[in-house]
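A structural walkthrough
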Amino acid sequence: MIYHVVTEANWQNALQQGFYEAESLAKEGFIHTSKSDQVAGVLERYYNGQSNLLLLHIDEEKLTAPLKYELAPSVNEEFPHIYGRLNLAAVVKVEKL
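Summarised in this report is the structure supplied together with it. (Residues numbered from 1 in each chain as written. Predicted model: local features only at pLDDT ≥ 70, side-chain atom pairs only at ≥ 80, totals over all residues. Heavy atoms only, no water.)

Concerning the nonpolar core
So the rule is basically this: Residues grouped as a nonpolar core are buried Ala, Val, Leu, Ile, Met, Phe, Trp, Tyr and Cys residues, joined through side-chain atoms within 4.5 Å. Here the term buried applies to any residue with accessible area under 20% of the maximum for its type, exposed to any over 50%, and partly exposed to those in between, with areas from a 1.4 Å probe on protein chains only. Per the convention used, a helix needs a DSSP run of H or I reaching at least four residues, while a strand needs a run of E reaching at least two, with both numbered from the N terminus. Contacts are assigned to residue pairs with any non-hydrogen atoms lying within 4.5 Å of each other.
Within the largest apolar cluster, 17 residues are counted, with the highest numbers of intra-cluster contacts made by Trp11, Tyr20, Ile58, Ile82 and Leu86. Contributing elements (two or more residues each) for this core: β1 (2-7), α1 (8-17) and β4 (53-58). With three residues, the top contributor of residues to this core is β4. Sequence-distant contacts of Trp11, defined by excluding residues within four places in its chain, comprise Val6, Tyr20, Leu54, Leu56, Leu88, Val91 and Val94. Ranked by size, the runner-up nonpolar core spans five residues in total, among them Tyr3, Val5, Val39 and Leu55.

Remarks on the environment of Leu71
Along the polypeptide, Leu71 turns up in strand β5 (residues 67-72). When residues no more than four places from it in sequence are discounted, the contact partners of Leu71 are Asn76, Glu77 and Glu78.

Focus: the packing of aromatic side chains
What counts here: Aromatic contacts are taken between Phe, Tyr and Trp rings whose centres are within 6.5 Å, Trp giving its six-membered ring; a plane angle under 30 degrees counts as stacked, one over 60 as edge-to-face, and the others as tilted.
Under the definition given, this model contains two aromatic pairs. Each ring, one from Trp11 and one from Tyr20, has its centre 6.5 Å from the other, and the planes form 55 degrees; the classification is tilted. Side by side, Trp11 and Tyr20 carry an identical accessibility label, which is buried. With centroids separated by 5.4 Å and ring planes inclined at 45 degrees, the aromatic side chains of Phe30 and Tyr83 adopt a geometry described as tilted. Placement of the pair is Phe30 in the loop between α2 (23-28) and β3 (31-32) and Tyr83 in the loop between β6 (77-82) and β7 (86-87), with a sequence separation of 53 residues. Assessed through its relative accessible area of 26%, Tyr83 is described here as partly exposed.

Examining the side chain of Asn87
Here is the rule we go by: Polar contact is the term for a pair of N or O atoms within 3.5 Å; when the atoms are in protein, one must be able to donate a hydrogen and the other to accept it, and sequence-neighboring residues count only if both atoms are side-chain atoms.
Its location among the elements puts Asn87 in strand β7. The buried category is assigned to Asn87, whose relative accessible area is 14%. A polar atom in the side chain of Asn87 sits 3.1 Å from the backbone nitrogen of Thr64.

Concerning the pairing of β1
Successive side chains on a regular strand alternate, one facing one side of the sheet and the next facing the other. Quick note on the threshold: Two strands are counted as paired when DSSP detects at least two bridges linking them.
Along β1, five of the six residues are buried, which leaves the element largely enclosed by surrounding structure. Direction of pairing for β1 relative to β4: antiparallel, over a ladder of six bridges. What sits directly across from Val5, in β4, is Leu55.

Structural notes on the pattern of salt bridges
Using the following cut-off: Think of a salt bridge as a Lys or Arg side-chain nitrogen and an Asp or Glu carboxyl oxygen that are within 4 Å of each other.
Going through the model one piece at a time under the given rule, you end up with three salt bridges. Among the salt bridges present, the one from Lys96 reaches Glu8, with a minimum N-O distance of 2.4 Å. Of the two residues, Lys96 is situated in strand β8 (residues 91-96) and Glu8 in helix α1; the sequence distance between them amounts to 88 residues. Note on Lys96: relative accessible area 56%, which makes it exposed.

Everything listed here is a matter of coordinates, which is why it stays silent on function.
This is the structure in structure tokens:
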């Protein structure tokens, strides 16, 4: 299982479109995701003080886009990156944060 933080508005947009594309897909070529033990650090570093956030629980076996684990030098950890759109069928749970 991998995880992705998204705003409620962006998730609602994805549900209407039938797929999810994070801004990072256009800018960096992939969607940032995390392993379970990395979620708290991601929330602290990038989403501190924000509200209306959701945590997507993603079954990597159901992804249609390639998934690669790559080193994030800023924290010296490998993170899972989705190289393409996130197909909604891979999202097995949506948790309000």
